[in-house]
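Descriptive structure summary
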Amino acid sequence: MNNESSGLHSLEKKTFTLHLISQIFGGIAIGVVLLQDVILKKTLGGSDFQVMILSLLVSSAFLFSIYGSELVNRSHSRAKTILIIGIAAKSFLIILPLFEDPVYYIACIAIGAYLDALLLSIWNIVFKHNYSDKNRSKLYSYATTFQTVFVLIVTTLSGYLLDMNSSIYKILFPAAGVFGILVYVSLARMINLSMDDYSGRIKKQKTYYNFRLLKDIAILPLRNTARIFRENKPFLRFEAYFFLYGMAFMVLSPVIPVFLVDDLKLSYSPISFARGLIFHSALIIFTPLMGRFHGIGNPTRFCGYIFSFLALFPLILVSAKHFVSLGLLTDTNLVVYISFFVFGFAMSGVTIAWALSSIYYAPKNEVSNYQAVHITLTGVRGVFSPALGYAVMMIFDIEYSFYLSAFLFLLGGIMMWKESIKLIKN
């Protein structure tokens, strides 16, 4: 037992080192891409509809996650497959500056997002098998905090650079692509350390793809999803309530850039300050605390708190418009900053819940499958939620999209609370 414990401790140290390295590279890449919708609106002159399309395509990309788990786990070399998919995904950021056209810009980001999504569930193999139950949430939250520091710096700096020269995105996006590739180099190294049963399974499988195998990859994930929900009703309910939170989040995705640029008339600097420094400062401060609070137990009570608190974000943000119109404030920046601090506080909890909660429900040999289902449902709501927010904005008024979002956040929180109470009673 001592040798086993020592081996796990050594594995955790190696994994955590690589995890931190990947988070540095990821933070730099994300820090640039975080402003992609604002760049489309301000620099490329994208229409409100094009902003919605970008949001919809990026959000619906999560649908492909369920296929990535099958592709990687059925391959002869998981590390090599990760690198091939990762390089292909990030190459679209590298070639993005070739044309100054909103449609081309949207296509590059969307295709890259769809390829990225194939690898999202693979991280959970590392988190499950390379970290102990005792340390998983803590180590994940520390690594995430490390990434957030770099997102904060790069996003804030990018905003100031874009205000000085809006065409600098042509340098920033290729740089983000290179750092994104380095993230997947680190993931490939971590997956090779994993102590799951991959080696035992791969020996029984062919080392090349054929039509039957590709058909299995296309169909089996859908069957697995139906089976998982049929066999694990608590996980089905958890995902249904998480779906409400996700809808609330995505309803705002095409609305916020329009609101900040057109309604509040903000330049890049205050937008990047809010999305970068303010939002991510809150993530840095509260993510370690949220990691301890989330723990390894049932996540429904935790999610109930976080989703309910998130309802404040859209309400505070939309109030910035009213403060100005009523003459109570001449500078809207303060209200925007407060709203994004509240958003960052709540999302420090959601980030951990989104990445780790499915592990609680998953059998040991199905961790990536459960997370793939979780991520794929993100894609399902991404197919229609941004369009819903856009439709409400166009048919009624932009502020009603914020009210709808607040309602869905609160409803998701209440349902999670009810589920946690049911579990306590049982």
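Reading the values: the criteria
- Residues numbered from 1 in each chain as written.
- Predicted model: local features only at pLDDT ≥ 70, side-chain atom pairs only at ≥ 80, totals over all residues.
- Heavy atoms only, no water.
- pLDDT = per-residue confidence, 0-100.
- Helix = DSSP H or I, 4+ residues; strand = E, 2+ residues; numbered from the N terminus.
- Contact = heavy atoms within 4.5 Å.
- Expected span 1.5 Å × (residues − 1).
- Bend = angle between axes of the 7 residues up to and from the residue.
- Buried < 20%, exposed > 50% of the residue type's maximum accessible area, 1.4 Å probe, protein only.
- Salt bridge = Lys/Arg side-chain N within 4 Å of Asp/Glu carboxyl O.
- Phe/Tyr/Trp six-rings, centres within 6.5 Å; stacked < 30°, edge-to-face > 60°.
- Lys NZ or Arg CZ within 6 Å of the ring centre and 35° of its normal.

Some thoughts on the confidence of the model for the protein chain
Residues at a pLDDT of 70 or more form 88% of the protein chain, whose mean pLDDT is 85. Of all secondary-structure elements in the protein chain, the lowest mean pLDDT belongs to helix H10 (residues 198-202), at 50, while helix H6 (residues 102-117) reaches the highest, 95. In the predicted structure, residues 202-207 sits below a pLDDT of 50 and forms seven contacts with residues beyond four places in sequence or in another chain.

Comments concerning helix H17 (residues 333-361)
Taking 1.5 Å of rise per residue, 29 residues should cover 42 Å, and H17 covers 42 Å from first to last C-alpha, within 8% of that figure. At Trp 354, H17 shows its maximal kink, close to 40°. Of all 29 residues that make up H17, 22 are buried, and the element is covered over most of its length.

As for the pattern of salt bridges
Pairs can form between side chains of opposite charge whenever their charged atoms are close. Applying the stated criterion across every chain yields a total of nine salt bridges. Asp 116 serves as the salt-bridge partner of Lys 90, at 2.8 Å between the closest nitrogen and oxygen. In this pair, Lys 90 sits in helix H5 (residues 78-94) while Asp 116 sits in helix H6, placing the two residues 26 residues apart along the sequence. Note on accessibility: Lys 90 and Asp 116 belong to one class, buried. In this structure, Asp 397 and Lys 321 form a salt bridge, with 3.8 Å as the shortest nitrogen-oxygen distance. Of this pair, Asp 397 sits in the loop between helix H18 (367-395) and helix H19 (398-425) while Lys 321 sits in helix H16 (residues 312-325); the two residues are 76 residues apart in sequence, bridging distant segments of the chain. Overall, Lys 321 belongs to the partly exposed group, its relative accessible area being 24%. Taken together, the salt bridges that share partners define one network made up of Lys 41, Asp 48 and Asp 262.

Thoughts on the packing of aromatic side chains
Applying the stated criterion across every chain, the model contains 33 aromatic pairs. One Lys or Arg, Lys 42, reaches over the ring of Tyr 268 and ends 5.6 Å from the middle of that ring.

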